[in-house]
Amino acid sequence: MDFSRTDLRVSREKLIRLQTDRSVGDMVRVCILYGSRRGATRTVAQAIERALRKKGYNPRAVEVKQKPDVADCDLVIVGAPVYYERPLPEVLRFIEEQGGLAGKKVTVFILAMAQKFGKHGREYAERRYLRLIMEPIKGDVISSRVFEGWLFRKNETTIKEAQTWAEEVVKLAGGEPDELCRPRG
Ligand SMILES: Cc1cc2nc3c(=O)[nH]c(=O)nc-3n(C[C@H](O)[C@H](O)[C@H](O)COP(=O)(O)O)c2cc1C
(Lines give C-alpha, C1' and ligand atoms only; values in the text may rest on other atoms or scores of the structure.)
Protein backbone atom coordinates (compact mmCIF):
# COMPACT_ATOMS: atom_id res chain seq x y z
CA MET A 1 0.00 0.00 0.00
CA ASP A 2 1.56 3.26 -1.08
CA PHE A 3 0.10 5.62 1.48
CA SER A 4 1.73 8.98 1.99
CA ARG A 5 3.27 9.73 5.37
CA THR A 6 0.28 11.76 6.56
CA ASP A 7 -2.05 9.09 5.31
CA LEU A 8 -0.20 6.26 6.93
CA ARG A 9 -0.28 8.00 10.29
CA VAL A 10 -4.04 8.56 10.11
CA SER A 11 -4.68 5.07 8.75
CA ARG A 12 -2.70 3.24 11.42
CA GLU A 13 -4.52 4.99 14.24
CA LYS A 14 -7.88 4.34 12.70
CA LEU A 15 -7.11 0.79 11.70
CA ILE A 16 -6.46 -0.12 15.31
CA ARG A 17 -9.75 1.35 16.42
CA LEU A 18 -11.74 -0.05 13.53
CA GLN A 19 -10.41 -3.51 14.16
CA THR A 20 -11.65 -3.40 17.71
CA ASP A 21 -15.11 -1.99 17.12
CA ARG A 22 -16.04 -3.65 13.85
CA SER A 23 -18.58 -6.40 14.08
CA VAL A 24 -18.58 -9.28 11.64
CA GLY A 25 -21.03 -8.88 8.79
CA ASP A 26 -21.11 -5.07 8.82
CA MET A 27 -21.76 -3.62 5.42
CA VAL A 28 -20.36 -0.42 4.08
CA ARG A 29 -22.44 1.89 1.97
CA VAL A 30 -20.06 4.06 0.01
CA CYS A 31 -20.77 7.54 -1.37
CA ILE A 32 -18.37 9.49 -3.58
CA LEU A 33 -18.92 13.23 -3.47
CA TYR A 34 -16.80 15.75 -5.29
CA GLY A 35 -16.44 19.20 -6.76
CA SER A 36 -14.74 19.99 -10.06
CA ARG A 37 -14.21 23.06 -12.25
CA ARG A 38 -12.51 21.61 -15.30
CA GLY A 39 -13.42 17.93 -15.09
CA ALA A 40 -10.32 16.23 -13.67
CA THR A 41 -11.77 15.54 -10.22
CA ARG A 42 -15.00 14.37 -11.82
CA THR A 43 -13.02 11.94 -13.99
CA VAL A 44 -11.20 10.58 -10.92
CA ALA A 45 -14.42 10.30 -8.88
CA GLN A 46 -16.10 8.39 -11.71
CA ALA A 47 -13.05 6.13 -12.09
CA ILE A 48 -13.23 5.33 -8.37
CA GLU A 49 -16.92 4.56 -8.79
CA ARG A 50 -16.12 2.09 -11.60
CA ALA A 51 -13.33 0.44 -9.60
CA LEU A 52 -15.54 -0.05 -6.54
CA ARG A 53 -18.38 -1.43 -8.63
CA LYS A 54 -16.01 -4.05 -9.95
CA LYS A 55 -15.30 -4.98 -6.34
CA GLY A 56 -19.00 -5.43 -5.64
CA TYR A 57 -19.83 -2.09 -4.03
CA ASN A 58 -22.58 0.08 -5.34
CA PRO A 59 -21.55 3.71 -5.00
CA ARG A 60 -22.41 6.64 -7.17
CA ALA A 61 -20.20 9.64 -7.77
CA VAL A 62 -22.25 12.80 -7.24
CA GLU A 63 -21.21 16.41 -7.55
CA VAL A 64 -21.69 18.41 -4.33
CA LYS A 65 -23.52 21.08 -6.34
CA GLN A 66 -26.41 18.61 -6.55
CA LYS A 67 -26.68 18.80 -2.75
CA PRO A 68 -26.74 15.04 -2.16
CA ASP A 69 -28.13 13.72 1.10
CA VAL A 70 -25.52 11.66 2.91
CA ALA A 71 -27.86 10.14 5.49
CA ASP A 72 -27.50 6.65 4.01
CA CYS A 73 -23.73 6.72 3.58
CA ASP A 74 -21.40 4.89 5.95
CA LEU A 75 -18.23 5.83 4.14
CA VAL A 76 -18.03 9.15 2.34
CA ILE A 77 -15.23 9.63 -0.16
CA VAL A 78 -14.83 13.38 -0.68
CA GLY A 79 -12.81 14.80 -3.58
CA ALA A 80 -11.78 18.38 -4.36
CA PRO A 81 -9.32 20.13 -6.66
CA VAL A 82 -7.17 22.99 -5.44
CA TYR A 83 -7.63 26.46 -6.92
CA TYR A 84 -5.59 29.41 -5.74
CA GLU A 85 -4.17 27.52 -2.80
CA ARG A 86 -7.47 26.25 -1.45
CA PRO A 87 -9.65 23.19 -2.00
CA LEU A 88 -12.69 24.19 -4.05
CA PRO A 89 -14.88 26.29 -1.68
CA GLU A 90 -18.12 24.55 -2.67
CA VAL A 91 -16.72 21.26 -1.33
CA LEU A 92 -15.74 22.86 1.99
CA ARG A 93 -19.18 24.49 2.18
CA PHE A 94 -20.87 21.18 1.48
CA ILE A 95 -18.96 19.48 4.30
CA GLU A 96 -20.02 22.26 6.68
CA GLU A 97 -23.64 22.11 5.55
CA GLN A 98 -23.60 18.38 6.25
CA GLY A 99 -22.58 18.96 9.86
CA GLY A 100 -18.96 18.13 9.11
CA LEU A 101 -20.06 14.60 8.15
CA ALA A 102 -20.18 13.79 11.86
CA GLY A 103 -20.77 10.13 12.57
CA LYS A 104 -19.46 9.03 9.15
CA LYS A 105 -16.28 7.39 8.11
CA VAL A 106 -14.67 9.82 5.72
CA THR A 107 -11.81 9.68 3.25
CA VAL A 108 -10.60 12.69 1.34
CA PHE A 109 -8.68 13.17 -1.84
CA ILE A 110 -7.27 16.32 -3.36
CA LEU A 111 -6.18 16.99 -6.91
CA ALA A 112 -3.40 19.57 -7.19
CA MET A 113 -0.54 20.54 -9.45
CA ALA A 114 1.81 21.15 -6.51
CA GLN A 115 2.35 17.37 -6.65
CA LYS A 116 4.36 17.94 -9.80
CA PHE A 117 7.08 19.80 -7.94
CA GLY A 118 8.96 16.93 -6.35
CA LYS A 119 9.23 16.02 -2.71
CA HIS A 120 8.78 19.59 -1.44
CA GLY A 121 5.72 20.20 -3.57
CA ARG A 122 4.23 16.95 -2.35
CA GLU A 123 4.94 17.71 1.30
CA TYR A 124 3.56 21.21 0.92
CA ALA A 125 0.37 19.92 -0.71
CA GLU A 126 -0.12 17.30 1.96
CA ARG A 127 0.43 19.77 4.76
CA ARG A 128 -1.59 22.69 3.47
CA TYR A 129 -4.32 21.28 1.25
CA LEU A 130 -5.16 18.26 3.37
CA ARG A 131 -5.29 20.41 6.49
CA LEU A 132 -7.69 22.83 4.81
CA ILE A 133 -10.08 20.13 3.65
CA MET A 134 -9.92 18.23 6.94
CA GLU A 135 -10.61 21.30 9.06
CA PRO A 136 -14.41 21.24 8.69
CA ILE A 137 -14.67 17.44 8.97
CA LYS A 138 -16.10 16.12 12.22
CA GLY A 139 -16.40 12.55 10.99
CA ASP A 140 -13.81 9.85 11.38
CA VAL A 141 -11.15 10.49 8.70
CA ILE A 142 -9.66 7.11 7.91
CA SER A 143 -7.49 8.09 4.97
CA SER A 144 -6.43 11.09 2.91
CA ARG A 145 -4.44 11.53 -0.28
CA VAL A 146 -3.20 14.22 -2.63
CA PHE A 147 -3.02 13.17 -6.28
CA GLU A 148 -1.44 15.01 -9.17
CA GLY A 149 -4.14 16.87 -11.08
CA TRP A 150 -4.10 17.96 -14.69
CA LEU A 151 -5.15 20.83 -16.88
CA PHE A 152 -5.47 19.31 -20.34
CA ARG A 153 -4.20 15.76 -20.78
CA LYS A 154 -5.76 13.17 -18.49
CA ASN A 155 -3.28 11.80 -15.96
CA GLU A 156 -3.75 8.04 -16.22
CA THR A 157 -1.33 7.40 -13.34
CA THR A 158 -3.48 9.52 -11.03
CA ILE A 159 -6.59 7.65 -12.12
CA LYS A 160 -5.01 4.25 -11.41
CA GLU A 161 -3.52 5.39 -8.09
CA ALA A 162 -6.88 6.79 -6.99
CA GLN A 163 -8.65 3.55 -7.89
CA THR A 164 -6.15 1.44 -5.95
CA TRP A 165 -6.35 3.81 -2.98
CA ALA A 166 -10.17 3.69 -2.94
CA GLU A 167 -10.13 -0.12 -3.03
CA GLU A 168 -7.84 -0.08 0.00
CA VAL A 169 -9.89 2.43 1.97
CA VAL A 170 -13.16 0.59 1.57
CA LYS A 171 -11.40 -2.46 2.98
CA LEU A 172 -10.08 -0.32 5.81
CA ALA A 173 -13.62 0.90 6.52
CA GLY A 174 -14.59 -2.72 7.04
CA GLY A 175 -17.52 -4.84 6.02
CA GLU A 176 -18.60 -6.63 2.93
CA PRO A 177 -19.53 -4.82 -0.27
CA ASP A 178 -23.20 -4.71 -0.67
CA GLU A 179 -25.85 -2.16 -0.03
CA LEU A 180 -26.97 0.49 -2.38
CA CYS A 181 -26.06 3.98 -1.38
CA ARG A 182 -27.44 6.62 -3.65
CA PRO A 183 -27.17 10.13 -2.30
CA ARG A 184 -30.55 11.65 -3.03
CA GLY A 185 -30.02 14.66 -5.28
C1 LIG B 1 -6.75 28.84 -12.30
C2 LIG B 1 -6.13 27.65 -11.67
C3 LIG B 1 -5.59 27.73 -10.37
C4 LIG B 1 -4.95 26.62 -9.78
N5 LIG B 1 -4.41 26.75 -8.53
C6 LIG B 1 -3.70 25.71 -8.01
C7 LIG B 1 -3.02 25.85 -6.75
O8 LIG B 1 -3.07 26.89 -6.10
N9 LIG B 1 -2.29 24.80 -6.29
C10 LIG B 1 -2.21 23.62 -6.99
O11 LIG B 1 -1.52 22.71 -6.53
N12 LIG B 1 -2.89 23.45 -8.16
C13 LIG B 1 -3.61 24.45 -8.67
N14 LIG B 1 -4.27 24.31 -9.88
C15 LIG B 1 -4.28 22.99 -10.52
C16 LIG B 1 -5.62 22.25 -10.30
O17 LIG B 1 -5.80 21.92 -8.95
C18 LIG B 1 -5.64 20.95 -11.15
O19 LIG B 1 -5.53 21.32 -12.51
C20 LIG B 1 -6.86 20.11 -10.92
O21 LIG B 1 -6.67 18.88 -11.57
C22 LIG B 1 -8.12 20.75 -11.45
O23 LIG B 1 -9.21 19.91 -11.15
P24 LIG B 1 -10.61 20.02 -11.87
O25 LIG B 1 -10.36 19.76 -13.35
O26 LIG B 1 -11.45 18.94 -11.26
O27 LIG B 1 -11.18 21.37 -11.63
C28 LIG B 1 -4.90 25.37 -10.48
C29 LIG B 1 -5.46 25.30 -11.76
C30 LIG B 1 -6.05 26.40 -12.35
C31 LIG B 1 -6.63 26.29 -13.75
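Preceding this section is the structure that the text describes.
In this numbering scheme, every chain counts its residues from 1 along its sequence in written order. At least 70 in pLDDT is required for a residue's local features to be given in this predicted model, at least 80 for side-chain atom pairs to be given and counted, and no such filter applies to totals for whole chains, interfaces and linings, which use all residues.

**Comments concerning the packing of helix H2 (residues 40–54) against helix H5 (residues 156–173)**
Close contact between H2 and H5 brings their axes to 9 Å; oriented N to C, the two are set at 50 degrees. What the angle tells us is that H2 and H5 run oblique. The two elements H2 and H5 meet at a crossing, and its hand is right-handed. Of the residues in H5, those in contact with Thr43, Val44, Ala47, Ile48, Ala51 and Leu52 of H2 are Thr158, Ile159, Ala162, Gln163, Ala166, Glu167 and Val170. Only Asp, Glu, Lys and Arg are considered charged, only Ala, Val, Leu, Ile, Met, Phe, Trp, Tyr, Cys and Pro nonpolar, and every remaining residue, Gly among them, polar. Class assignment for the residues of the contact of H2 with H5 results in nine nonpolar, three polar and one charged. Axis angles are defined between N-to-C directions and span 0 to 180 degrees, where every axis is a line fitted to C-alpha atoms and, for a helix, only to the segment in contact. Going along the chain from the N terminus, every DSSP run of H or I of four or more residues is numbered as a helix, and every run of E of two or more is numbered as a strand. Here is the rule for angles: anything less than 35 degrees is roughly parallel, anything more than 145 is roughly antiparallel, 65 through 115 is roughly perpendicular, and the remaining ranges are oblique. Take the far helix as the reference: if the near one is turned anticlockwise from it by less than a right angle, the crossing is left-handed, and if turned clockwise, right-handed. Whether two residues are in contact is decided by their C-beta atoms, placed from the backbone, lying within 7 Å.

**Comments concerning the pairing of strand S7 (residues 140–148)**
Partly exposed residues are those whose C-beta has more than 12 but fewer than 20 other C-beta atoms within 10 Å; 20 or more makes a residue buried and 12 or fewer makes it exposed, with C-beta atoms placed from the backbone. Judged by how many residues are buried, S7 sits mostly within the fold: seven of nine residues are covered. By the bridge criterion, eight bridges tie strand S6 (residues 105–112) to S7 in an arrangement that is parallel. Its bridge partner lying in S7, Thr107 is registered against Ser143. Clockwise travel from the first strand over the helix to the second, with the strands pointing away from the viewer, marks a crossover as right-handed. After leaving S6, the chain enters helix H4 (residues 118–134) and then returns to the sheet as S7, a path that is right-handed. Strands were regarded as paired on the criterion that DSSP finds at least two bridges between them.

**Quick look at the environment of Phe152**
With respect to the helices, strands and loops of the structure, Phe152 is situated in the loop between S7 and H5. Along the chain, Phe152 and Ala40 lie 112 residues apart, while their C-alpha atoms are 8.8 Å from each other.

**Notes on the site of the ligand**
Here, nearness means that the C-beta atom of a residue, built from backbone geometry, sits within 6 Å of the molecule or strand in question. The environment of the ligand is formed by 19 residues, the closest being Ala40, Thr41, Pro81, Ala112 and Gly149. Listing elements by their share of the shell around the ligand, those giving two or more residues are H2, strand S4 (75–83) and S6. With three residues, the top contributor of residues to the shell around the ligand is S4. Looking at side-chain class alone, the shell around the ligand contains twelve nonpolar, four polar and three charged residues.

**Side note on the environment of Thr158**
Position of Thr158 relative to the elements: it lies in helix H5. Classification of Thr158 as buried rests on a count of 20 C-beta atoms within 10 Å. Residues Thr158 and Glu148 lie ten residues apart in sequence; the distance between their C-alpha atoms is 6.1 Å.

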